[in-house]
Amino acid sequence: MHKKLALFSALVTLGMMLVLIMGGTVTKTDSGDGCGTDWPLCHGKLIPTNPSVETMIEYSHRVVSGIEGLLIIALTVWTFAVVKNRYDVKVFAFLAFIFMLIQSIIGAGAVIWQQSDAILALHFGISLVSFASLLILTILLFEGERVHRAVSERLKIHLYGLTIYTMVVVYTGAYVRHLGATYACVGWPVCSQDVWTFESYVQMGHRIMAGLLVFYTLYVLYLARRETNRLVETGMWASLFFILLQVGTGAWIVLGGHATYVPLLHAFLITCYFGIISYLAYHAYRSQKQTTASARQKSV
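In this convention, every chain numbers its residues from 1, walking through the sequence in written order. Reporting in this predicted model follows two pLDDT cut-offs: at least 70 for local features of residues, and 80 or more for side-chain atom pairs to be given and counted; totals over whole chains, interfaces and linings ignore these cut-offs and use all residues. Here the side-chain values reflect all heavy atoms present in the structure, with hydrogen atoms and water set aside.

A short note on the UniProt feature "binding site: heme" (unreviewed entry) in the protein chain
Residues given the UniProt feature "binding site: heme" (unreviewed entry) here are His206 and His266. A maximum C-alpha distance of 13.9 Å among these annotated residues, which run over 61 residues, shows that they cluster at one spot. Helix and strand labels come from DSSP, where a helix needs a run of H or I of at least four residues and a strand needs a run of E of at least two; each type is numbered from the N terminus. Its location among the elements puts His206 in helix H6 (residues 198-226). Burial classes: relative accessible area under 20% of the type maximum marks a residue as buried, over 50% as exposed, and values in between as partly exposed (1.4 Å probe, protein chains only). The class of His206 is buried, set by a relative accessible area of 14%. Excluding residues that lie within four positions of it along the chain, His206 makes contacts with Val169, Thr172, Gly173 and Val176. At 2.8 Å, the side chain of His206 forms a polar contact with the side chain of Thr172. Tracing the sequence through the fold places His266 in helix H8 (residues 261-299). On the basis of relative accessible area, His266 is assigned to the buried category, the value being 13%. Here, residues are in contact when the closest pair of their heavy atoms is within 4.5 Å. When residues no more than four places from it in sequence are discounted, the contact partners of His266 are Gln246, Thr249, Gly250 and Ile253. UniProt positions are given in the numbering used here, feature names are shortened, and annotations may be inferred rather than shown by experiment. In protein, a polar contact means a hydrogen-donor-capable atom and an acceptor-capable atom, both N or O and within 3.5 Å, with residues adjacent in sequence counting only if both atoms are side-chain atoms; elsewhere, any N or O pair within 3.5 Å suffices.

Below is the structure:
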C-alpha cells in the first residue's frame, strides 16, 4: 500500500467535498454573477477590491476550486508515477481529473456565456462524479490488494442501477435549484396549491423521484441482507441513513428551512450517499473480476 499517496488522496477528496459545498453556497446565495462576466479574473482584476458579499462568495469558490484542481492534477501524476500494477487505481485518478476539468469548463462557461438552467444543473452532478472517483481511489489505495467476496449478478445489476438512478435524481434536484423552483410547491410531501406552474411540476417530479430512490435503496439493502454480504450490507445501511436525512432536509427546506446551511447540508448528505453507492457499485464489479481471476489460477 502507498500510505503517503493514500493520505494525500484522502486530503484531496475532502477538498472536493469543500468545493461542492462552496458551489452550493454560490447557488443558494445567487452569487454566480459575483465576479461579473469575467473569468478567471473577477471584475477584471486578479484580486477584487472592495468586494460585495456575493463577490467574496464567488471569488472564494473560484480560488478553492483552482487549488483543488491543482491538487487533483498532482494526485493523478503521482498515482501514475508510483502505482504500477493497479489499472483500476489509475482509471479513477484519471476520471477524477477529467470530470474536474469538465466541471471547470462548465463553471467558466456559466460565467462568460450565462448558460441555461438545464446546463447549469449538470455542474453539480459532474462535480459529484469527480468526488466519487476520488473517494473510490482513496479507498482502493488504503485497501491495497485485498480480495473481497463476490457479489451476485442480481445485486450487482441493482447497484449499477441505483448509481445511475441517483445521478438522475441529483440532476433533477440541481435543476430545481437553478430554475428557482425550490419554493414552487405549497406543502410537503404533495404540492397542495390550486394553480400549478412549470416550476411546480419540476419540484413535484423531483420529490417523487427522491421518494422512489428511498424505496430503491431499501430494496438493494434487502438484497444485500439476503446474500449476507457484510461489506455491501454495511454500505447500504449507511446509504439508507444518508438518504433518509437528505429527504428530511429537503422537507425542512420546503417547510421553512431558509437558512443557508440547510440546503448545504442537503447537498452534503447526497454527496455522501452517492460516494458510498458508487464505491459499492465498483466493489460489485471488482469482486466478480477477482473471483474469476482466482478461479482461472486454480484451474491452471
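Still more to cover.
Overview of helix H2 (residues 53-82)
Its 30 residues place the ends of H2 43 Å apart at the C-alpha level, agreeing with the 44 Å of an ideal helix rising 1.5 Å per residue. Every buried residue of H2 is accounted for by Thr55, Ile57, Glu58, His61, Arg62, Ser65, Glu68, Gly69, Ile72, Leu75, Thr76 and Thr79. By this rule the span expected of a helix is its residue count minus one, scaled by 1.5 Å.

What to know about the state of the cysteines
Whenever a pair of cysteine sulfur atoms sits within 2.5 Å, that pair is classed as a disulfide. Applying the stated criterion across every chain, the model contains two disulfides. A sulfur-sulfur distance of 2.0 Å marks the disulfide that ties Cys35 to Cys42. Judged by the sign of its S-S torsion, about -85°, the cystine formed by Cys35 and Cys42 is left-handed. Here Cys35 falls in the buried class, since its relative accessible area comes to 0%.

Re the UniProt feature "transmembrane region" (unreviewed entry) in the protein chain
In this numbering, the UniProt entry assigns the feature "transmembrane region" (unreviewed entry) to residues 63-83, 92-113, 119-142, 162-184, 204-224, 236-255 and 261-282. Taken end to end, residues 236-255 is 95% helix and 0% strand, and its first and last C-alpha atoms sit 28 Å apart. Segment residues 261-282 splits into 100% helix and 0% strand. End C-alpha atoms: 32 Å apart.

Details of unusual backbone geometry
Look at the link from Trp188 to Pro189: it is a cis peptide, with omega at 10°. The backbone of Asn50 sits at a positive phi, close to 50°, despite the residue not being glycine. Mapped onto the secondary structure, Asn50 falls in the loop between helix H1 (3-28) and H2. The exposure class assigned to Asn50 is exposed, which follows from its relative accessible area of 77%.

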